[in-house]
Amino acid sequence: FPLASALCHGGRVLVRLEGVSCRTFINSLLFGSGEAWSWDDSGIPDCFYARRSATHAVRLHRGAELHERRSIMMTSVFTGNHLGMDIPVGGFGNSAPACGDEQLYLGPAGIPFSVQKENRNEPIFAKDLQHGHFYALWEDFNRKTRQGEEDTIDGSPDNISLRPSSYPSGALLMGIETSAPQKMNLFGERHGLNGKSKELSAFGKRKWPDYQATGQGVPACLSGVRVTINEASFQALERLFAEVKLCLPSDGPRIGTGQAEEKEFFQFLLQSNAEEAQDLLQSRFPGI
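Predicted, not measured: the structure shown is a model, and the values here were computed from it.

Peer 1: Before we go on, may I ask you to explain the nonpolar core in this structure?
Peer 2: Here is a general trend for soluble globular proteins: nonpolar side chains tend to be buried in one another's company. The biggest cluster of nonpolar side chains holds 31 residues, and the ones touching the most others in it are Val15, Phe25, Ile26, Leu83, Phe134, Trp138 and Leu172. Secondary-structure elements contributing two or more residues to this core are β1 (13–18), α2 (22–31), β5 (82–86), β10 (133–140), β11 (170–177), β12 (225–230), α4 (231–243) and α5 (259–270). Ignoring sequence-local partners within four residues, the contact set of Leu83 consists of Ile26, Trp39, Ile44, Phe48, Tyr49, Arg51, Phe134, Tyr135, Ala136 and Trp138. Counting residues in hydrophobic clusters, the runner-up holds twelve residues, among them Ala64, Leu137, Ala171 and Leu173.

What follows is the structure, given as structure tokens:
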């Protein structure tokens, strides 16, 4: 499957961390360096906001296996481990489905807007609509354990020294949802408290279960797409981030700044499977 399919069909990616803390890994994904942000001093990174609750959870079983769980109602209320980021799925400034006779465009946080004919510099935002929401749940098993739950390995909380080396240090669950909580997406569906799954993903694609009838082997709905990051692969990832010089979204469209080449690179990367993506990265960045 192409890498883009990991997030385009409604599923989530479950990342198993071994020897790497969740905070360090998230820092690296956001800033290119695991030490770029102090969660203890500054709280969660500014691009995120803390979600009060979600229907998703990750559990560590005694056999060192990670499993995603889902409830039909909101769970894990006020844990602080659910993060959200509103993003413009479809591309900032691109046309969105029309609302009546009004042409809408995607705003920077996925909130569509219309342009006044009289004053094109004053957009009118449709604040009840929002399309594109990045969701993340992080669990750092070396920071805390909970008495009586499955992630309490030895039966007593906070006794990290007894944990076998095969146990993960943390887990990160990531996915792209159609809209932020309590917001209506561009397909006319609201992200309600019941956590009911939508028929289409944020990208307008069918969910993975719809493809099972074809006989094609597809990822499971829960824990179907997995990634393992250990200390060696994390160091390689940080070297890659240090080598890659990406354009800043705040720059806007600029000719001659490498934006066209960067766009082409990501198009090739997202349509590649894992092996093809590895070959692409090695050919572009041979020193990594």
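There's more to say after this.
Peer 1: In this structure, what is going on with the pattern of salt bridges? I would like to understand it.
Peer 2: Pairing is possible between side chains that carry opposite charge, provided their charged atoms lie close to one another. The final tally for this structure, using the stated rule, is seven salt bridges. A salt bridge links Arg16 to Glu18, with the nearest nitrogen and oxygen atoms 2.8 Å apart. With a relative accessible area of 15%, Arg16 lands in the buried category. A salt bridge links Arg190 to Asp128; the nearest nitrogen and oxygen atoms lie 3.2 Å apart. One end of the pair, Arg190, is in the loop between β11 and β12; the other, Asp128, is in the loop between β9 (123–125) and β10, with 62 residues separating them in the sequence. Judged by its relative accessible area of 35%, Arg190 is partly exposed. On the basis of relative accessible area, Asp128 is assigned to the partly exposed category, the value being 42%. Each of Glu199, Arg206 and Asp210 takes part in one network of salt bridges that share partners.

Peer 1: Before we go on, may I ask you to explain the confidence of the model for the protein in this structure?
Peer 2: In low-pLDDT segments, the atomic positions of the prediction should not be examined closely. When pLDDT is averaged along the protein, the result is 83, and 86% of the positions lie at 70 or above. The model gives residues 144–162 a pLDDT under 50, and that stretch makes 41 contacts with residues more than four places away or in other chains.

Peer 1: Explain the packing of α2 against α4 to me, please; I cannot follow it from the model alone.
Peer 2: Helix packing geometry: the angle between the two helix axes and the distance between the axes. Two elements in contact, α2 and α4, have axes separated by 10 Å at closest approach and are oriented at 25 degrees. Judged by the angle between their axes, α2 and α4 are roughly parallel. Crossing geometry of α2 relative to α4 is assigned as left-handed. Between α2, through Thr24, Phe25, Ser28 and Leu29, and α4, the contact on the second element is made entirely by Phe234, Leu237, Glu238 and Phe241. Class assignment for the residues of the contact of α2 with α4 results in five nonpolar, two polar and one charged.

Peer 1: Got a minute to help me understand the side chain of Ser5 in this structure?
Peer 2: Position of Ser5 among the secondary structure elements: in helix α1 (residues 5–8). Ser5 gets classed as buried once you look at its relative accessible area, which sits at 9%. At a separation of 2.6 Å, a polar atom in the side chain of Ser5 contacts the main-chain carbonyl oxygen of Pro2.

Peer 1: Just to check I follow, could you spell out the sheet that holds β10 for this structure?
Peer 2: The strands making up a sheet associate through hydrogen bonds between their backbones, and the pairing can be parallel or antiparallel. Strand order across the open sheet formed by six strands is β2-β5-β10-β11-β1-β12, with mixed pairing between neighbours. At either margin of the open sheet sits one strand with a lone partner, and together these are β2 (49–50) and β12. Bridging between β2 and β5 involves two bridges; their strand directions are antiparallel. Looking at β5, one finds that Tyr49 is bridged to Gly84. Strand contacts of α2: β1, β5, β10, β11 and β12, with the helix running at about 40 degrees to β11, the strand carrying the most contacts. Packing of α4 onto the sheet brings it into contact with β1 and β12, and relative to β12 it is tilted by some 90 degrees.

Peer 1: What exactly am I supposed to notice about the packing of aromatic side chains here?
Peer 2: Geometry of an aromatic ring pair is reported as the spacing of the ring centres plus the angle between the planes. A full pass over the atoms with the stated rule returns nine aromatic pairs. Each ring, one from Phe31 and one from Trp37, has its centre 5.9 Å from the other, and the planes form 10 degrees; the classification is stacked. Residue classification places Phe31 among the partly exposed residues on the basis of a relative accessible area of 40%. With a centroid separation of 5.3 Å and an interplanar angle of 70 degrees, the aromatic rings of Phe265 and Phe266 are classed as edge-to-face. Since its relative accessible area comes to 8%, Phe265 is described here as buried. The partly exposed category is assigned to Phe266, whose relative accessible area is 30%. Site record: aromatic cluster; members linked through ring pairs are Phe1, Trp208 and Tyr211.

What counts and how
- Residues numbered from 1 in each chain as written.
- Predicted model: local features only at pLDDT ≥ 70, side-chain atom pairs only at ≥ 80, totals over all residues.
- Heavy atoms only, no water.
- Core = buried A, V, L, I, M, F, W, Y, C linked by side-chain atoms within 4.5 Å.
- Buried < 20%, exposed > 50% of the residue type's maximum accessible area, 1.4 Å probe, protein only.
- Helix = DSSP H or I, 4+ residues; strand = E, 2+ residues; numbered from the N terminus.
- Contact = heavy atoms within 4.5 Å.
- Salt bridge = Lys/Arg side-chain N within 4 Å of Asp/Glu carboxyl O.
- pLDDT = per-residue confidence, 0-100.
- Axes fitted to C-alpha atoms, helices over the stretch in contact; angles between N-to-C directions.
- Parallel < 35°, antiparallel > 145°, perpendicular 65-115°, else oblique.
- Left-handed = near helix turned anticlockwise from the far one by under 90°.
- Nonpolar A, V, L, I, M, F, W, Y, C, P; charged D, E, K, R; others polar.
- Polar contact = N/O pair within 3.5 Å; in protein donor to acceptor, adjacent residues only side chain to side chain.
- Pairing = 2+ DSSP bridges.
- Phe/Tyr/Trp six-rings, centres within 6.5 Å; stacked < 30°, edge-to-face > 60°.

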